[in-house]
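Listed below are the residues making up each chain.
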Amino acid sequence: MTDRAFLNVECSATGRRWVGPSVEADRLAEAMVQETRLPLPLARVLVSRGVAPADVQRFLEPQLRDLLPDPRSLKDMEPAAARFLRAVKNRERIAVFADYDVDGGASAALLLVWLRAMGRQATLYIPDRIDEGYGPNVPAMQELARDHRLILCVDCGTLSHEPIAAAAAADVVVLDHHLGAETLPPALAVVNPNRQDESGDLGHLCAASVVFLMLVEANRQLRAEGIAGPDLLALLDLVALATVADVAPLTGVNRALVRQGLKVMARRERPGLVALADIARMDTAPAAYHLGFLLGPRVNAGGRIGAADLGARLLATADPHEAAALAERLDALNTERREIELRVRDAALAQAEARGLDAPLVWAAGEGWHPGVVGIVAARLKEATNRPAVVIGLAGDEGKGSGRSVSGVDLGAAIHRVAAEGLLLRGGGHKMAAGLTVARPMLEPAMDRLAELLARQGAGAGGPADLRLDGLLMPGAATPGLVEEIDKAGPFGQGAPAPRFAFAAMAITQARRIGETHLRVTFGDETGARLEAVAFGAFDGPLGPLLEGHASARFHMAGRLEINHWQGRSKVQLRLEDAARA
């Protein structure tokens, strides 16, 4: 990257320094254009992703057969799949114990749908977030072990030593991705790419991907006996949803899984996802954005503030009528969740601001804050401050909280260490998200220690993150064709941000507020070309007032191009993220 700020923007409307492609990156992009005949903006995106000209075709058309890892590269995979198949063949009673989020629900649905295709079924158990908390607990596991020969713990279980020991009457298989401890629970198998004795090469997989790999191995073992297993490619819509909703990086095999899963989802064959898409008014082909912001939050709503098993049941059902009823309930719960979240967010932000937003850790704790929304509020604080954030709901003698991290800071490992040091009752997770339970008297010491550990990783060292840009565009070049070309480098999301472009010295021809906090702007250049832009939440900060009162001044604009579909028409618009006086 260049030392000089892009377009000389050292401090934008949102307080950020703009950083564009380096001279070397520009040179590589120009060379790629010569060799591949791709549009320059797409070439710049590919160069920023580290793609060489010889690898362009493989990158733009990723194939699962090239990228899917051998399931047996994960420890305990063969015995896990073999025990699963033995239970299926012997018609043993199987229970699926799943986490209450999207990843857990999708993981459970993968197993239930696969079993249904084999003419089998399983008991679904998802703990109540408030009454039972995260992961297996002793009473639930004892109860399940009394009536089932095999218990599959999905998206949980890696740290559940005592509950799994309490299920000694049954075999337990753990299919998880959360950070493991030095010792493993006494399960028959623990399949987890984030076990401490794993290489970590597959540590970016969500739990649903681990479950999918187990089903790949199960189908392989069936094939060796001359038996055809269920169609696994048809399950990739569930894997894609979980990968995006769990904020796994959309790189490598994850990118291929999501890309293929979106194609499966577009066929509208899964009743639960069809019903959910319809109630969310999705009127275009599914994209990663829809999974993360429309479908995922609704699936999560049951586990956050309603019945914990609603999401998994929706994803697993084959009945369109049941799917419609479940989708309606989840949509209503999601509306209620947003209202609760808003109240907690305002209180948490005020508390965090009073404590100071320049520390390595931004945190807040409040009496009676709903444990189902603390993770979302932590994400909001993280986005607002570019620092790891933890939000805790206090009730009785303890608090239950959730944290979200920033790139390069492993929050899960830090929380795991604080728990190991005895300052937390429980705690763990992965790099970008983690949960914890803390005794009320230990709240301040635990947060102080967590902040100290995060500071050692570099958290809080800088102000607002630099705004990284993929290059400069003119309004006339922002065509639907260009957006379609750029989308070939997707899907975009965590670890693979959507390309961001700047438009230099633009004249604003219209700026109007939409609702309370949003802004719609039309800008253009001397050629007469115009481009519409929308800035969501612009009036929550300085961007909205600055552009609304533009007084005919010229501005550099920065954001992401997208196709806006409205009333049967489609046109390019800029999702405006930042601006600076030219």
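Everything in this summary refers to the structure shown in the same document. Everything numeric in this text was worked out from a predicted model, so none of it was measured. (Residues numbered from 1 in each chain as written. Predicted model: local features only at pLDDT ≥ 70, side-chain atom pairs only at ≥ 80, totals over all residues. Heavy atoms only, no water.)

### Here's the deal with the pattern of salt bridges
Considering all chains together, one arrives at 36 salt bridges under this definition. The salt bridge partner of Arg72 is Glu78, with a shortest N-O separation of 3.8 Å. Of the residues examined, Arg72 reaches a relative accessible area of 38% and is grouped as partly exposed. Note that Asp237 and Arg270 form a salt bridge whose closest N and O atoms lie 2.9 Å from each other. With Asp237 in helix H10 (residues 236-245) and Arg270 in the loop between helix H11 (252-266) and helix H12 (271-279), the pair connects residues that are 33 residues apart, well separated along the chain. (Salt bridge = Lys/Arg side-chain N within 4 Å of Asp/Glu carboxyl O. Buried < 20%, exposed > 50% of the residue type's maximum accessible area, 1.4 Å probe, protein only. Helix = DSSP H or I, 4+ residues; strand = E, 2+ residues; numbered from the N terminus.)

### What about the nonpolar core?
Grouped together as the largest cluster of nonpolar side chains are 101 residues, with contacts concentrated most on Phe84, Leu111, Trp114, Leu215 and Leu295. Residues contacting Leu295, with those up to four places away along its chain left out, are Leu241, Met265, Leu273, Leu276, Ala277, Met282 and His290. (Core = buried A, V, L, I, M, F, W, Y, C linked by side-chain atoms within 4.5 Å. Contact = heavy atoms within 4.5 Å.)

### As for the packing of aromatic side chains
In total, this model carries 4 aromatic pairs according to the counting rule given. Taking the centre distance of 5.2 Å and the plane angle of 25° together, the rings of Tyr289 and Phe293 count as stacked. Taken together, the residues span about one helical turn, with Tyr289 and Phe293 both in helix H13 (residues 288-305) at a distance of 4 residues. When the ring centre of Trp363 is taken as reference, the NZ or CZ atom of Arg355 above it lies at 3.6 Å. One Lys or Arg, Arg513, reaches over the ring of Phe539 and ends 3.7 Å from the middle of that ring. (Phe/Tyr/Trp six-rings, centres within 6.5 Å; stacked < 30°, edge-to-face > 60°. Lys NZ or Arg CZ within 6 Å of the ring centre and 35° of its normal.)

### Thoughts on the sheet that holds strand S2 (residues 94-98)
Spatially, 5 strands are ordered S3-S2-S4-S5-S6 in an open sheet, and the strand pairing comes out parallel. Only two strands of the sheet have a single partner each, and these edge strands are strand S3 (123-125) and strand S6 (189-191). Pairs of neighbouring strands in the sheet enclose a mean axial angle of 15°, with direction left out of account. Two elements, strand S5 (residues 171-175) and S6, share 3 bridges in a ladder whose sense is parallel. (Pairing = 2+ DSSP bridges. Axes fitted to C-alpha atoms, helices over the stretch in contact; angles between N-to-C directions.)

### A few points about the packing of H12 against H13
H13 packs onto H12 with a crossing angle of 110° between their chain directions and a minimal axis gap of 10 Å. Taken as axis vectors, H12 and H13 run roughly perpendicular relative to one another. Judged by the sense of rotation from one axis to the other, the crossing of H12 with H13 is right-handed. Here Leu273, Leu276, Ala277 and Ile279 of H12 come into contact with H13, specifically with Leu295, Arg298 and Val299. Among the residues forming the contact of H12 with H13, the class breakdown is 6 nonpolar, no polar and 1 charged. (Parallel < 35°, antiparallel > 145°, perpendicular 65-115°, else oblique. Left-handed = near helix turned anticlockwise from the far one by under 90°. Nonpolar A, V, L, I, M, F, W, Y, C, P; charged D, E, K, R; others polar.)

Function-wise, these values are silent; they only describe arrangement.
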